[in-house]
Amino acid sequence: MKLWKSIFLAGVVGLAASAEVSTNFYAHIDVAKTNVFLGEVFPVNVIVKAPDFPEAPKTDALEAFNVKPLNAGTKTSEADTYVFQYSFRAKKEGLLTIPPLLFTAGGADLSTEPVGMLAKKPQKSDRMSIVSTLSATNCYVGEPVLLTTTWDSSYPLNAIKAVDFHFPVLHDKRFQTLEPYEPEKEKDTRTTGLPVYNTRVLAIQKSFMVDEVQYQSLSFNKILIPKRSGTIEIPQSRLLCAATRESESDAKRGRRTAFQYPAYFDNTFFDQNLTGGGYNRVYAESNPLTLEVKPLPAEGRPPQFKGLIGSFTIDVQAEPLSVRVGEPVTLTVRIESDRFMETINFPSLRYQPQLINKFEIPDERSLPELAGKAKISTQSIRPVSTTVSNIPPLELVFFNPASNAFMTATSEPIPLTVSEAVLVAEYGTGEQQYRSRLKTVTDGIRHNYENPDMLISRKYALFGWAHPIAVCTIVLVPPILFGTIALLAFFGKKKHNIRRTAKAARAYRIYRKNAAAIAHLRTKSEIYMGLDQTLRAYLGDRLHKRPGALTFRGVEKKLAAAGTDFQTVEKLESVFEICEAYRFTAGFDENADAKQIVHAANRIVKAVERNLK
């Protein structure tokens, strides 16, 4: 009987132990905010503790939200713990629910708890609009088209803050997106910076009148290269911002805000501080666009075709034109396009069949330079024998959409004179001097050779051509002037660095003082907006950056260079994301423990401070 009791008790203990182990695994969802606006992106993190790597659920079937996976699962420092990151965007207004997300690991299903959300539609103002246009509505796979986006507003631009420009085509895998080459933008006084999908885009500002109402517009371009054929619906762009209410806007109208930096770098669009009220949250969305993409014809496609689409010309210049075997000849290749020269990618000269077996072609070549509608690159080649009489035409194969055919642009042949290489060597001193026998080389590469003229001794008197005083003046005056200028610059820079160093030294002390003031706040929006300003001020002073234009990507590079560990950088990024998420919470706020939030932030900042010392 005692034996059966022992077996029974052991079974009960085993079941309890297994139940306890099973309950150690879970899936927990962490939502930064539960009150959002339509068109607003907010982060969602899921922490999964599982015996092995969990399989993530499919999120494209959620009816109320657009979901984009940001991180498909990262193992944390804690054992058997993984983090999944998503960006959510509410598709409709009202009371919404993020349903349970089911993760599978080790044959077990781990489900998150449902989360209730309140999505409110921002005020859609008739004073703002976004218009998107394409340079063409029909194209081929790989053929570039220009997407122009224009934001029109009758609000004064300095009355708009906290701009969130959602531009999903930038991360659309159906396209390759390129930045147009527009070097004149930074010099243009009309250039203004826009925060577009966590990047800074340069837009050109214009003013116009409609029905006696003054409007201002900001316009920027992107080059889209479709990767596949078919009918492609380009997702709409949405802009969410805070605009000054009418009474305050009238007071500010005509008044220009002064900035320390140019408008394309520093303006109110990047300012997230909405404390004190006086702002309406408004949004606008662009018109839908459709692009018909045709596949490239397979018939008649040359083997040298490398994906260039458009109309191109090629011109080649060479120097010198008279060389010995093995001496380098520098080729300057200029490829000009009728449009979108940003897409030009000239293949290596190793793909030129007429150069093979006639020239030695190194792997190294210069990075291309942009000039007007052309790309210019240089590369050296070396003739391998005296039988080479010219540089043959270079070929550039492309598909021309206008003629619906593959075409080849060729350069003009360049005459080249190649003589035999002469190898010269002399050694010995005084009477015991020997000269090696001269050998002619008719093929191959000889890197070290010269004319026999190099053996002739040439001596020149130091002062044979001028008075010694004049020579000394010419020789000594420039170094003295240079040294004086360098010394002045050194002390000026040193004084500037002393000021910067002193500011950086005070940064942590000022942060602790400002963070202590945040600990008395009550609502999440006040806490996180205050923390956002305090963090930006600290990092701006510590890293010698402008707080208003500071982005986490710029901070991340500086911290990585200082040797900051990955966990600290990741925690700092999460604080940035939460602060950013609480830009639009007025009217739907929640109370929170400010001391706990500030204490967690202080630990992260303290770790950052240790790495920056």
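See the structure printed just above.
Anyway, here's the lowdown on the structure attached to this text.

Rules used in this analysis
- Residues numbered from 1 in each chain as written.
- Predicted model: local features only at pLDDT ≥ 70, side-chain atom pairs only at ≥ 80, totals over all residues.
- Heavy atoms only, no water.
- Helix = DSSP H or I, 4+ residues; strand = E, 2+ residues; numbered from the N terminus.
- Buried < 20%, exposed > 50% of the residue type's maximum accessible area, 1.4 Å probe, protein only.
- Contact = heavy atoms within 4.5 Å.
- 1 Å grid on protein atoms, 1.4 Å probe; cavity = no way out; pocket = protein on both sides within 12 Å on 5 of 7 lines; lining within 4 Å.
- Points joined across faces, edges and corners; volume = space filled by probe spheres on them.
- Nonpolar A, V, L, I, M, F, W, Y, C, P; charged D, E, K, R; others polar.
- Expected span 1.5 Å × (residues − 1).
- Polar contact = N/O pair within 3.5 Å; in protein donor to acceptor, adjacent residues only side chain to side chain.
- Pairing = 2+ DSSP bridges.

**Section: the side chain of Asp-541**
Mapped onto the elements, Asp-541 comes out in helix H4 (residues 524–543). Overall, Asp-541 belongs to the buried group, its relative accessible area being 17%. Contacts of Asp-541, omitting those with residues within four sequence positions, involve Lys-503, Ala-504 and Ala-507.

**Notes on the layout of surface pockets**
Size it by volume and the second largest pocket reaches roughly 1,300 Å³. Considering the residues around the second largest pocket, the lining is formed by 40 residues, among which Asp-30, Glu-570, Lys-571, Ser-574 and Ile-604 are closest to the centre. At the level of secondary structure, the elements contributing two or more residues to the lining of the second largest pocket comprise strand E1 (26–31), strand E3 (41–49), strand E4 (65–75), strand E5 (81–90), H4, helix H6 (566–581) and helix H7 (594–612). Sorting elements by how many residues they give to the lining of the second largest pocket places H6 first, with 10 residues. In terms of residue class, the lining of the second largest pocket is made up of 19 nonpolar, 11 polar and 10 charged.

**Side note on H7**
The α-helix advances 3.6 residues per turn, and as a result positions three or four apart in sequence lie on the same side. Its 19 residues place the ends of H7 27 Å apart at the C-alpha level, agreeing with the 27 Å of an ideal helix rising 1.5 Å per residue. Along H7, the positions that sit buried rather than exposed are Ala-594, Ile-597, Val-598, Ala-601, Asn-602, Ile-604, Val-605, Ala-607, Val-608, Glu-609 and Leu-612. Where H7 begins, the side chain of Asp-593 points an oxygen toward the backbone nitrogen of Lys-595, at a separation of 3.2 Å.

**Observations regarding unusual backbone geometry**
Cis geometry marks the peptide bond from Glu-319 to Pro-320; its omega dihedral reads -5°. Inspection of the secondary structure puts Pro-320 in the loop between strand E23 (312–319) and strand E24 (322–324). Of note in the backbone geometry, Phe-340 takes a positive phi value of approximately 55° without being a glycine. By the element assignment, Phe-340 lies in the loop between strand E25 (329–337) and strand E26 (359–360).

**Here we look at the pairing of strand E31 (residues 405–410)**
Across six bridges, the pairing between strand E30 (residues 395–400) and E31 is antiparallel. Across the sheet, residue Leu-396 finds its bridge partner in E31, namely Ala-409.

**Details of H4**
In this model H4 runs 27 Å from its N-terminal to its C-terminal C-alpha over 20 residues, within 8% of the 28 Å that 1.5 Å per residue would give. The buried fraction of H4 is high, at 16 of 20 residues.

Scope: geometric values only; no functional claims are made or implied.
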